[in-house]
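The residues making up each chain are set out below.
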Amino acid sequence: MLAKRIIPCLDVKDGMTVKGVNFVNLRIAGDPVELGAEYSRQGADELVFLDITASHEGRKTFTEMVTKVAATLNIPFTVGGGINELSDVERLLNAGADKISVNSAALRHPELIDEIASNFGSQVCVVAIDARFDGSEWICYLNGGRIPTEQKLFDWAKEAEQRGAGEILFTSMNHDGIKTGYANDALAVLADTLGIPVIASGGAGKMEHFRDAFVVGKADAALAASVFHFNEIPIKDLKDYLRQQGVEVRL
């Protein structure tokens, strides 16, 4: 059985790490390069850096910061935000990123997934999906959760896999930042219907939530932000707890 991964996520705005609730009310959490290095020392398996206003503001992602991160890290990291074409992917991989996360651009132009996979390999392509449950179904959103689309979560995730995505990073907008646990029912459906790894995002507030994402939600990895940024859950303590609960993790 593959070890489950713990992935701190650093949302970056104006060069600083920020964190909000339900995608709004942002507060500053620190320098992303320093935070990334600290998480690597603490035992994080991977990191995700998201330029959270790049798509909304129509900007290119933060190449210079990626170069600095790559110089300080010895674990894989994914970069997302404002990636719209193959040249963006190439630039960020050349700067040192291991994987690229696409969200809004992939929804608008699904063939971008095919292009990334065929040019750089599926292992490079993470398709991030921000979705909100409207009472009857999960609706996918664009531009950092600002614009609803016609796409439904499970259909879009399957299409992304068929086009060559190597992983799905699913964030529940309903659960984001409120620390009541992940969207485990939806995660389990994704895990049962997809043949690629699923990363859980949105809702971590205590150690039990990570366990439930792995055991109930069948996720391959769990991503979180504020519980790590504000030192509410030390990564080593989390991994010790998960192992005691019978969840395979890298210590």
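Residues numbered from 1 in each chain as written. Predicted model: local features only at pLDDT ≥ 70, side-chain atom pairs only at ≥ 80, totals over all residues. Heavy atoms only, no water.

### Section: the pattern of salt bridges
Next up, step 1: Enumeration according to the criterion identifies 17 salt bridges in this entry.
Next up, step 2: One salt bridge connects arginine 5 with glutamate 46, and the closest N-O pair in it is separated by 2.8 Å. Taken together, the positions of arginine 5 in strand 1 (residues 5–13) and glutamate 46 in the loop between helix 1 (32–42) and strand 4 (47–51) put the pair 41 residues apart, joining distant regions of the chain. Each member of the pair, arginine 5 as well as glutamate 46, is classed as buried.
Next up, step 3: One salt bridge connects lysine 68 with glutamate 64, and the closest N-O pair in it is separated by 3.7 Å. Within this pair, lysine 68 and its partner glutamate 64 are both found in helix 3 (residues 63–72), separated by 4 residues, close to a single helical turn. (Salt bridge = Lys/Arg side-chain N within 4 Å of Asp/Glu carboxyl O. Helix = DSSP H or I, 4+ residues; strand = E, 2+ residues; numbered from the N terminus. Buried < 20%, exposed > 50% of the residue type's maximum accessible area, 1.4 Å probe, protein only.)

### Observations regarding the environment of leucine 242
Next up, step 1: With respect to the secondary-structure elements, leucine 242 resides in helix 11 (residues 235–244).
Next up, step 2: Assessed through its relative accessible area of 0%, leucine 242 is described here as buried.
Next up, step 3: For the pair leucine 242 and phenylalanine 210, spaced 32 residues apart in sequence, the C-alpha separation works out to 7.9 Å.
Next up, step 4: Discounting residues that sit within four places of it in the chain, leucine 242 has contacts with Ile6, Phe210, Arg211, Phe214, Val247 and Val249. (Contact = heavy atoms within 4.5 Å.)

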